[in-house]
Amino acid sequence: MKKTAPAKKAAAEKSAGKTAPAKKAASKKTVPAKKAAKKAAPAKTAGKAAKKAAPAKTAGKVAVKPPAQESPAALVRRARRINRELAEVYPYAHPELDFENPFELLVATVLSAQTTDLRVNQTTPALFAKYPTPEDLAAADPEEVEEILRPCGFFRAKTKSVMGLSKALAEDFGGEVPGKLEDLVKLPGVGRKTAFVVLGNAFGRPGITVDTHFQRLVRRWQWTDETDPDKIEAAVGALFPKTEWTDLSHHVVWHGRRICHARKPACGACPIAPLCPAYGEGETDPEKAKKLLKYEKGGFPGQRLKPPQAYLDAGGKPAPPLGAA
Ligand code: SF4
């Protein structure tokens, strides 16, 4: 595979024991929109990759639907190439909620609605210290739980949700989180997105997590024009082998949180700019774009209070506890 210059640099730094920060990994030159669009048309550079990227084999029942002037096979190649590049930019990508077991991940994921993972991570240590099991949380005094969950916002509704699902776990599943999609979505307050987060990260079962970042980025990349999360999940799932779904979800969400923001994407510091049809939607000046980078890419702490070692080894910093300056 012919790599883009930023990817090469990132790979070189990785092999030297360092993780390339986005500002280094990003191309120093801005990529003119026309050039980016030209590079993003993979049909001309397909080469050997064409044989590997057969959409129908992994597509299941969903047809791959490329943008105009891009064949289904070319769309699959471009999508997979973006994922490979992102894997080099975020080799330490992981779920950004702190958890020790499936129950903690399930509760934390429910709490993360309408707030940041950081705020959830700052809140859950007190919750799980007091109520470590579904039985404990199901039997709690709701007012005490509300007080603990107050920093997460919507704390009354969230208290109801996590106590309701704890009760269902205690009564219907012997106090264990089930490892099947059909069981998880029966729990109160648990939809497909939450279920896939739990399946992918606590049970090692592949799943695509279509959150707000995922929806925005796959549309910018023209992987699909669907707007319904279930249809996006199916359309994107058709572009990748199932084994890659969980890591793909992390890569996309991490890119959305660090570089490809909703309002001001940092296009001038984006390592996948040559593959992106939306290049130019955000800041293209490299110096100005660098200032938009977030978390470890901007030299700031991450969202987890207890991040994986790989993140720390790459220079990432843990998030501060609640109330810390
Ligand atoms: S930051 Fe810009 S170039 Fe990068 S993926 Fe987002 S829209 Fe495309």
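Residues numbered from 1 in each chain as written. Predicted model: local features only at pLDDT ≥ 70, side-chain atom pairs only at ≥ 80, totals over all residues.

A word on the UniProt feature "binding site: [4Fe-4S] cluster" (unreviewed entry) in the protein chain. Mapped onto this numbering, the UniProt entry annotates "binding site: [4Fe-4S] cluster" (unreviewed entry) at Cys 260, Cys 267, Cys 270 and Cys 276. Despite a sequence span of 17 residues, these residues sit close together in the fold, their greatest C-alpha distance being 10.8 Å. Topologically, Cys 267 is positioned in the loop between α16 (245–258) and α17 (286–290). Discounting residues that sit within four places of it in the chain, Cys 267 has contacts with Ala 273, Tyr 279, Gly 280, Glu 281, Gly 282, Glu 283, Thr 284 and Ala 289. Locating Cys 276 in the fold gives a position in the loop between α16 and α17. (UniProt positions renumbered as here; feature names shortened; annotations may be inferred. Helix = DSSP H or I, 4+ residues; strand = E, 2+ residues; numbered from the N terminus. Contact = placed C-beta atoms within 7 Å.)

Bringing the nonpolar core into the picture now. With 74 residues, the main nonpolar core has Leu 239 and Cys 270 as its most contacted residues. Both of domain 1 (23–89 + 208–291) and domain 2 (102–202) provide at least three residues apiece to this core. (Core = buried A, V, L, I, M, F, W, Y, C linked by C-beta atoms within 7 Å. Buried ≥ 20, exposed ≤ 12 C-beta atoms within 10 Å, placed from the backbone. Domains from an automatic or database assignment.)

All right, on to the packing of helix α7 (residues 102–111) against helix α8 (residues 117–130) then. In the contact formed by α7 and α8, the axes pass within 10 Å of each other and the chain directions differ by 135 degrees. With respect to each other, α7 and α8 are oriented oblique. The hand of the α7/α8 crossing is right-handed. Of the residues in α8, those in contact with Glu 104, Ala 108 and Leu 111 of α7 are Val 120, Thr 123, Thr 124 and Phe 128. Taken together, the residues of the contact of α7 with α8 break down into four nonpolar, two polar and one charged. (Axes fitted to C-alpha atoms, helices over the stretch in contact; angles between N-to-C directions. Parallel < 35°, antiparallel > 145°, perpendicular 65-115°, else oblique. Left-handed = near helix turned anticlockwise from the far one by under 90°. Nonpolar A, V, L, I, M, F, W, Y, C, P; charged D, E, K, R; others polar.)

This part is about unusual backbone geometry. A positive phi is found at Gln 222, a non-glycine position, where the angle reads about 55 degrees. Tracing the sequence through the fold places Gln 222 in the loop between α14 (212–220) and α15 (229–237). A positive phi angle is found at Tyr 295, which is not glycine, with a value near 50 degrees. For Tyr 295, the position within the fold is in the loop between α17 and α18 (309–313). Residue classification places Tyr 295 among the buried positions, given that 20 C-beta atoms sit within 10 Å.

It is worth spelling out α14 at this point. Listed in full, the buried residues belonging to α14 are His 213, Phe 214, Leu 217 and Val 218. For α14, the buried positions fall inside an angular range of 115 degrees around the axis, keeping them on one side. Tucked inside the fold, the buried residues of α14 contact α15 and α16. Phi for Gln 222, located one or two positions after α14, is positive at around 55 degrees. (Arc of directions from axis to C-beta.)

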